[in-house]
Amino acid sequence: MPRILHLGFGNFHRAHQAWYTELANRRAEAAAPWRITGVSMRRPDLRDALAPEGFAYTLAIRGRDGLDLERVTVHDEILVAAEDPEAVLRRIADPETRIVTLTVTEKGYHLDPRDGTLDLADPRIRADLEAERPQSAVGLLAHGLARRAGSGAGGLTVISCDNISGNGRKLRAAVARFAQAAGLEIGGTAGDRVTFPDTMVDRITPATTEELRASVAAATGRPEAAPVPTETFSEWIVEDDFASDRPAWDRVGAEIVADVAPFEARKLRLLNASHSFLAYAGLLAGHRYVQDAIADPALRAGVERLFDEAGATLAEEIRDTLPAYRAALLARFDVVEMKHELAQIAMDGSQKVPVRLLPIVRALRQRGLPAPQATTAIASWVAWLVRAAEKGRPVHDPAADGLLKIAGSRTGTPALCRALLEQVTQEPLPEDWIADLAGRTDRILEGKA
Ligand code: CS2
């Protein structure tokens, strides 16, 4: 039975890659169905909640015309990496496993946000470098690939499904760096090839709420512990670089292409960039959900300007798609029943700002153009951190301690902006841009923006 091992068994995986695999299995009736081993990285809660149902769950797909319920039944095993890393390593080395997918969020890669390489000074990575049984995704992959190498287990495709630009390439480099530092030999022979295609993934998937549990129970007539809310829209673009066979994903909507980069830039710089802007500016304006922020005329106008700026940085070949893409995005943000929490999107800004917003500023400045709205979006992040430091509010970010220390310092806004940005980029930060950023931050903090 062909198998996928998935690291990061959370709602996004359950709404996206698992759903494509479910549909592909239904399509390819004659072939052996693919099964997924889900791996929760830390907590057993979801495994325990889903075990009585044989790990099946309901996907609650919310569109303008109501709720559509689909059953997803592709998982037959859930492991918990923190409890039993050995079981995960065995599965990576298992010849049945043809594909490893990952949704561990940006911070789950332990990359240095300033240059996107594995951060060997990160405490989790340091601990894993000493351990026989690592717990991070990168450590598990390096050890698992070392076991697999030369075993004749066959080719393996490792697919990062997180919102990081060049996600496949960065993951490959991170695993190689870890292996080198740990003295592991992972280079497969011709028969044991391992590839890391780049991908663009897209489906808005909020957290499960009590309200969703109640509406799914009312519709199906039986209570369910962990249904997943999502939208009708879904997109998955994967680089054509497979070392193994794969489910018939391309027959159910996924696209396998030669170059993912233009799609990835469009998604990160339009969807994710405006999400982050709405999160910081929206929370500062007292909103709770994406739907409230996008209904605020000032914020909606800001999103439109951000779309203009981001659109101008994209490759020529994708520009024609922009009017329809932008209209679809606004409609997606507007679905009132989604209740997508801005606080969830605001998390991990130090990992998100450098891949979503800074590339817009960089690309426009390289052409001698200003990037006022992308700069305002970054200023919203800075202002939100300053407010959090003032109020002693916790910030969910792997770099929270350092960020809050800077945000709470009384060095003056330009120095504060520079110090914060230096946490997330190695690029030179020109004085005029820092002055502009600081001015925008002050106006937001004074309530004048
Ligand atoms: C969001 C994304 O939480 C966030 O930062 O911007 O998770 C977004 O909902 C997805 O990328 C949509 O595909």
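The shown structure was predicted, so the numbers you read here are calculated from the model rather than taken from an experiment. (Residues numbered from 1 in each chain as written. Predicted model: local features only at pLDDT ≥ 70, side-chain atom pairs only at ≥ 80, totals over all residues.)

A. Region of interest: the site of the ligand. Taken together, N163, D202, R203, I204, N272, H275, Q344, I345 and K352 make up the full set of residues near the ligand. Breaking the shell around the ligand down by element, the ones donating at least two residues are helix 9 (261–284) and helix 14 (342–346). Its residues assigned to classes, the shell around the ligand comprises two nonpolar, four polar and three charged. Both of domain 1 (3–257) and domain 2 (261–445) provide at least three residues apiece to the shell around the ligand. (Near = placed C-beta within 6 Å. Helix = DSSP H or I, 4+ residues; strand = E, 2+ residues; numbered from the N terminus. Nonpolar A, V, L, I, M, F, W, Y, C, P; charged D, E, K, R; others polar. Domains from an automatic or database assignment.)

B. Spotlight on helix 15 (residues 349–356). Counting buried positions along helix 15 yields eight of eight residues, so the element is predominantly enclosed. The set of residues buried in helix 15 consists of G349, S350, Q351, K352, V353, P354, V355 and R356. Where helix 15 is buried, its residues touch helix 9, helix 14, helix 16 (358–366), helix 17 (372–391) and helix 18 (400–407). (Buried ≥ 20, exposed ≤ 12 C-beta atoms within 10 Å, placed from the backbone. Contact = placed C-beta atoms within 7 Å.)

C. Representation of the domain arrangement of the protein. Parsing the protein into structural domains produces domain 1 (3–257) and domain 2 (261–445). With centres defined by C-alpha atoms, the gap from domain 1 to domain 2 works out at 27 Å. Each partner contributes to the interface: domain 1 provides 21 residues, whereas domain 2 provides 25 residues. Residues belonging to the side of domain 1 that touches domain 2 are distributed by class as follows: eight nonpolar, four polar and nine charged.

D. Highlighting the sheet that holds strand 12 (residues 255–257). The three strands lie next to each other as 9-11-12, forming an open sheet whose pairing is mixed. Each edge of the open sheet is held by one strand with a lone partner, namely strand 9 (199–202) and strand 12. Each strand of the sheet is rotated relative to its neighbour by a mean of 20 degrees, with strand direction disregarded. Strand direction decides the pairing type here: strand 9 and strand 11 (residues 235–239), joined by four bridges, are antiparallel. Each bridged residue has a counterpart across the sheet, and for D202 the counterpart in strand 11 is E235. Sheet strands in contact with helix 9 are strand 9 and strand 11, and its direction is about 40 degrees off that of strand 9. (Pairing = 2+ DSSP bridges. Axes fitted to C-alpha atoms, helices over the stretch in contact; angles between N-to-C directions.)

E. Representation of helix 17 within the structure. Between its first and last C-alpha, helix 17 extends 28 Å over 20 residues, near the 28 Å set by a 1.5 Å rise per residue. A positive backbone phi angle near 65 degrees is found at G392, which sits one or two residues after helix 17. (Expected span 1.5 Å × (residues − 1).)

F. Up close: the packing of helix 6 (residues 137–148) against helix 7 (residues 167–182). Helix 7 packs onto helix 6 with a crossing angle of 70 degrees between their chain directions and a minimal axis gap of 9 Å. Classed by the angle they form, the pair helix 6 and helix 7 counts as roughly perpendicular. Judged by the twist between their axes, the crossing of helix 6 over helix 7 is right-handed. Between helix 6, through V138, G139, L141, A142, L145 and A146, and helix 7, the contact on the second element is made entirely by A174, V175, F178, A179 and A182. Of the residues in the contact of helix 6 with helix 7, the class split is ten nonpolar, one polar and no charged. (Parallel < 35°, antiparallel > 145°, perpendicular 65-115°, else oblique. Left-handed = near helix turned anticlockwise from the far one by under 90°.)

G. Molecular detail of the environment of P370. When you line up the elements, P370 lands in the loop between helix 16 and helix 17. Of the residues examined, P370 has 14 C-beta atoms within 10 Å and is grouped as partly exposed. Between the alpha carbons of P370 and T232 there is a distance of 36 Å; along the sequence they are 138 residues apart.

H. Structural context of the packing of helix 17 against helix 18. At a minimum axis distance of 8 Å, the contact between helix 17 and helix 18 shows a crossing angle of 85 degrees. In terms of orientation, helix 17 lies roughly perpendicular with respect to helix 18. Contacts between helix 17 and helix 18 involve L385, V386, A388 and A389 on the former and, on the latter, L403, L404 and A407. In terms of residue class, the contact of helix 17 with helix 18 is made up of seven nonpolar, no polar and no charged.

I. The sheet that holds strand 3 (residues 57–63), seen in detail. Spatially, 4-3-10 is the arrangement adopted by the three strands of the open sheet, whose pairing is mixed. Looking at the sheet topology across the chains shown, the edges are occupied by strand 4 (66–72) and strand 10 (228–231). Between one strand axis and the next, the sheet turns by 30 degrees as a mean value, whatever way the strands run. As defined by bridge partners, strand 3 adjoins strand 10 across four bridges and the pair is classed as parallel. Paired with A60 across the two strands is P229, which belongs to strand 10.

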